[in-house]
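What the coordinates show
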Amino acid sequence: MQFLVTLILFFALSASALPAPTESDLFARVTQIDPTLVPNFSIKAGSGVGANGVAIPKTCPPARADFISKLSTNVAAGNVLGAPIKFNTNPKVQDVQTNKDRATAMIITIQSFTGKKGVGCPGASVPELISLQKTGKATA
C-alpha cells in the first residue's frame, strides 16, 4: 500500500514539475494547412496589375508558401488581428458554406498580410479567392 501511495505521489510531483506549454509551442503543434485547400494564384507578384486591370502592389500576391504559413498561424489563433475567422482544415469537407468560410479567412489573411489590419494585398490580387467566396465552389 505504501508503495502505491509513493508511486502516485512521485507521478503527481513529476507532472507538476513540467513547464506549461508556451504559445509558440501550441502553434508549433498545429498542422500546416493542406495546400490543396488554397487555390493557386493566377496573378504573379511583380506585375502590379490585378484582376480587371486594377493596380496592385508589386509584392502581391505573396509567395504561396509564405501565404499558407501565415494562414496556418491565423487559423491556429482563430482570428486575424482580432477579426474572427472560420477555416475547416479537413480537405474532405467541401460544402458551399465551408468553402465560403475558408475563402473569407484567406481574404482577411491576405488583406492584412503585413501584420497591420487592412495593409496587405487587395482582393484584386487573388481573383480565385473572390470567386470562391462568392460561389463556394472550389475549382481544380
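Residues numbered from 1 in each chain as written. Predicted model: local features only at pLDDT ≥ 70, side-chain atom pairs only at ≥ 80, totals over all residues. Heavy atoms only, no water.

**Remarks on the state of the cysteines**
One pass over the structure, following the stated rule, counts one disulfide. Covalently, Cys 60 is tied to Cys 121 through a disulfide, its sulfur atoms 2.1 Å apart. Since a negative S-S torsion denotes a left-handed disulfide, the Cys 60-Cys 121 link at about -90 degrees is left-handed. One end of the pair, Cys 60, is in the loop between helix 2 (23-29) and helix 3 (64-77); the other, Cys 121, is in the loop between helix 4 (96-111) and helix 5 (127-135), with 61 residues separating them in the sequence. Judged by its relative accessible area of 6%, Cys 121 falls in the buried class. (Disulfide = S-S within 2.5 Å. Helix = DSSP H or I, 4+ residues; strand = E, 2+ residues; numbered from the N terminus. Buried < 20%, exposed > 50% of the residue type's maximum accessible area, 1.4 Å probe, protein only.)

**Overview of the side chain of Ser 112**
Mapped onto the fold, Ser 112 is located in the loop between helix 4 and helix 5. Relative accessible area serves as the criterion here: at 10%, Ser 112 is assigned to the buried category.

**A word on helix 4**
Its 16 residues place the ends of helix 4 22 Å apart at the C-alpha level, agreeing with the 22 Å of an ideal helix rising 1.5 Å per residue. Every buried residue belonging to helix 4 is among Thr 98, Asn 99, Asp 101, Arg 102, Ala 103, Ala 105, Met 106, Ile 107, Thr 109 and Ile 110, and all of these are buried. Where helix 4 is buried, its residues meet helix 3, strand 1 (79-80) and helix 5. By the N-cap criterion, in which a side-chain oxygen at the helix start approaches the backbone nitrogen of a residue two or three places on, helix 4 is capped by Asp 95, the distance to Gln 97 being 3.3 Å. (Expected span 1.5 Å × (residues − 1). Contact = heavy atoms within 4.5 Å. Polar contact = N/O pair within 3.5 Å; in protein donor to acceptor, adjacent residues only side chain to side chain.)

**A look at the layout of surface pockets**
Counted as a void, the largest pocket has a volume near 280 Å³. Lining the largest pocket we find 17 residues, and of these Thr 36, Val 38, Pro 39, Ala 138 and Thr 139 sit closest to its centre. Listing elements by their share of the lining of the largest pocket, those giving two or more residues are helix 4 and helix 5. The element that contributes the greatest number of residues to the lining of the largest pocket is helix 5, accounting for three residues. Tallied by class, the residues present in the lining of the largest pocket amount to seven nonpolar, six polar and four charged. (1 Å grid on protein atoms, 1.4 Å probe; cavity = no way out; pocket = protein on both sides within 12 Å on 5 of 7 lines; lining within 4 Å. Points joined across faces, edges and corners; volume = space filled by probe spheres on them. Nonpolar A, V, L, I, M, F, W, Y, C, P; charged D, E, K, R; others polar.)

**Things to note about the environment of Lys 86**
For Lys 86, the position within the fold is in the loop between strand 2 (83-84) and helix 4. With a relative accessible area of 58%, Lys 86 lands in the exposed category. Placed 12 residues apart in sequence, Lys 86 and Thr 98 show a C-alpha to C-alpha distance of 8.4 Å. In contact with Lys 86, not counting residues within four places along its chain, are Asp 101, Arg 102 and Ala 105.

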